[in-house]
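Architecture and fold: a report
Next come the chains, spelled out residue by residue.
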Amino acid sequence: MAYLVLSNGEVFEGKRIGAKRDSIGEIVFTTGMVGYLETLTDPSYAGQIVIQTFPLIGNYGVIPADFEGKSAVLGYVVRNLCDTPSNFRSEYELNRYLEENNIPGICGVDTRQLTRIIRKQGVMNAIICDEIPENLDTVKNYSVVGVVNEVTTKQTKTYEAIGEKKHDVVLIDYGAKKNIVESLRQRGCEVKVVPSNTPAENILALNPNGIMLSNGPGDPAENTYSIEQIKKLVGKKPIFGICLGHQLTALALGGTTYKLKYGHRGGNQPVKDLSSGRTYITSQNHGYAVDNDSVKDKGSLSFINANDGSCEGMDYSNLNCFTVQFHPEACSGPHDTSFLFDRFIKLMEDKGNA
């Protein structure tokens with residue numbers, strides 16, 4: 001027996017899974033039908049308890065080769081947890097993964113009702129516990145802070161290009177997913193992954209052909225040091241930013257960000273390309289967005305969310321920089337927008353030949 005208690009006082013009773021400990025976090029939902037391993041290992045979920053809206057989770061087991069990074073989630077909520085996975089790549093069951101990575105969870109709760117509550121009232125905090133607390137002040141007062149420092153690499157790592165080396169790229173790691181590195185390596189890039197607190201001068205001293213700004217967790221506005229470093233980098237080298245990197249670039253150029261009511265998370269998020277009118281299905285994981293009006297004189301809006309019209313991409317052509325809110329490298333997820341990596345490669349080539 002276990003309980004999920006929301007900060008608004010609502011209680012859901014279920015069965016304990018994973019680590020046998022209590023945990024407080026910001027509770028969010030993701031709408032992906034597949035990709036629970038990528039969700040659990042995405043550093044952008046630091047500080048959060050994750051609800052899977054799809055009812056059956058764990059049916060294809062645990063496949064370490066599909067991990068995106070080290071798990072940073074604070075809790076896991078599912079309707080049904082499969083304890084008999086069936087997949088030729090599976091190495092063990094999901095509950096064992098949760099236990100070994102100290103992730104507390106709860107199953108047997110109505111995740112659809114939970115999602116309705118968050119969609120109606122907005123994102124809130126919650127606790128997974130064995131006993132319902134008499135006082136919820138600790139739950140209500142929790143906030144996701146300092147999480148980029150928790151998930152960034154602590155030292156520079158170099159990943160060789162797959163095949164012929166064509167470009168040197170520095171990836172600033174705010175909580176980078178593995179497949180960003182792989183997407184670059186597959187296109188002939190040697191990738192140096194550097195900590196989020198690396199000074200701009202040190203990055204430029206590496207003389208890369210281009211700079212990637214990665215995804216990451218938390219409120220973008222709190223990363224004041226990173227924002228100051230991006231100010232020193234824009235215009236100096238071709239830059240491609242994803243997710244948190246997109247938000248930090250907007251802040252560095254004088255824009256603002258705001259917290260969404262319940263965020264965009266899952267592999268089925270529609271995004272409209274304003275240049276072609278085409279709509280792409282994308283993978284996303286973010287709780288904040290760039291304010292459209294705050295950046296309209298900084299560059300050009302390139303993508304918008306087809307559901308709520310929020311900013312999903314910016315082009316800063318005069319600075320050789322472009323950014324997107326969604327994940328073009330998505331695994332597991334749609335690959336409709338992987339062409340953006342090719343655009344980054346072309347930007348580096350054009351800049352190198354200029």
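As a reminder, the structure under discussion sits directly above these lines.
Residues numbered from 1 in each chain as written. Predicted model: local features only at pLDDT ≥ 70, side-chain atom pairs only at ≥ 80, totals over all residues. Heavy atoms only, no water.

Another point: the overall build of the chain. Per the secondary structure count, the chain includes 10 helices and 19 strands. In terms of overall dimensions, the chain is globule-like: its C-alpha atoms have a radius of gyration of 20 Å, near the 20 Å expected for 354 residues. A principal-axis box enclosing the C-alpha atoms of the chain has dimensions of 65 × 45 × 40 Å. Out of the 354 residues in the chain, the part that is buried amounts to 56%. Here the analysis covers contacts within the chain between residues at least 6 apart in sequence; of these, 74% occur between residues at least 24 apart. Counting only carbon and sulfur atoms, one obtains 46% of the accessible surface of the chain, whose full area is about 14,700 Å². (Helix = DSSP H or I, 4+ residues; strand = E, 2+ residues; numbered from the N terminus. Rg over C-alpha atoms; globule rule 2.2 N^0.38 Å. Buried < 20%, exposed > 50% of the residue type's maximum accessible area, 1.4 Å probe, protein only. Contact = heavy atoms within 4.5 Å. Areas by Shrake-Rupley, 256 points an atom, 1.4 Å probe, with all protein chains shown as cover.)

Right, let's talk about the sheet that holds strand β11 (residues 167-173) for a bit. Pairing within the open sheet is mixed, and its 10 strands lie in the order β10-β12-β11-β13-β14-β19-β18-β17-β15-β16. What marks the edges here is a single partner per strand, and that holds for β10 (157-159) and β16 (279-290). With strand direction ignored, the average angle separating the axes of adjacent strands in the sheet is 25°. For strand β15 (residues 257-273) and strand β17 (residues 300-305), the ladder comprises 3 bridges, and the chain directions are antiparallel. Bridge pairing links D273 to F303 in β17. (Pairing = 2+ DSSP bridges. Axes fitted to C-alpha atoms, helices over the stretch in contact; angles between N-to-C directions.)

There is about 580 Å³ of room inside the largest pocket. What lines the largest pocket is a set of 28 residues, and nearest its centre among them are P43, G69, K70, V151 and D173. Among the secondary structure elements, those contributing two or more residues to the lining of the largest pocket are α5 (147-151), β10, β11 and α6 (178-185). Taken together, the residues that form the lining of the largest pocket break down as 13 nonpolar, 6 polar and 9 charged. (1 Å grid on protein atoms, 1.4 Å probe; cavity = no way out; pocket = protein on both sides within 12 Å on 5 of 7 lines; lining within 4 Å. Points joined across faces, edges and corners; volume = space filled by probe spheres on them. Nonpolar A, V, L, I, M, F, W, Y, C, P; charged D, E, K, R; others polar.)

Moving on: the pairing of strand β4 (residues 48-52). In terms of burial, β4 is a largely internal element, 5 of the 5 residues being buried. What you see with β4 is no split at all: Q48, V50 and Q52 on one side and I49 and I51 on the other are buried throughout. Two strands pair when backbone bridges link them, and strand β3 (residues 23-30) and β4 are joined in this way by 5 bridges, in the parallel orientation. Directly across from E26, in β4, lies its bridge partner Q48. Where β4 meets strand β6 (residues 75-77), 3 bridges bridge the pair, whose relative direction is parallel. Paired with I51 across the strands is V77, a residue of β6.

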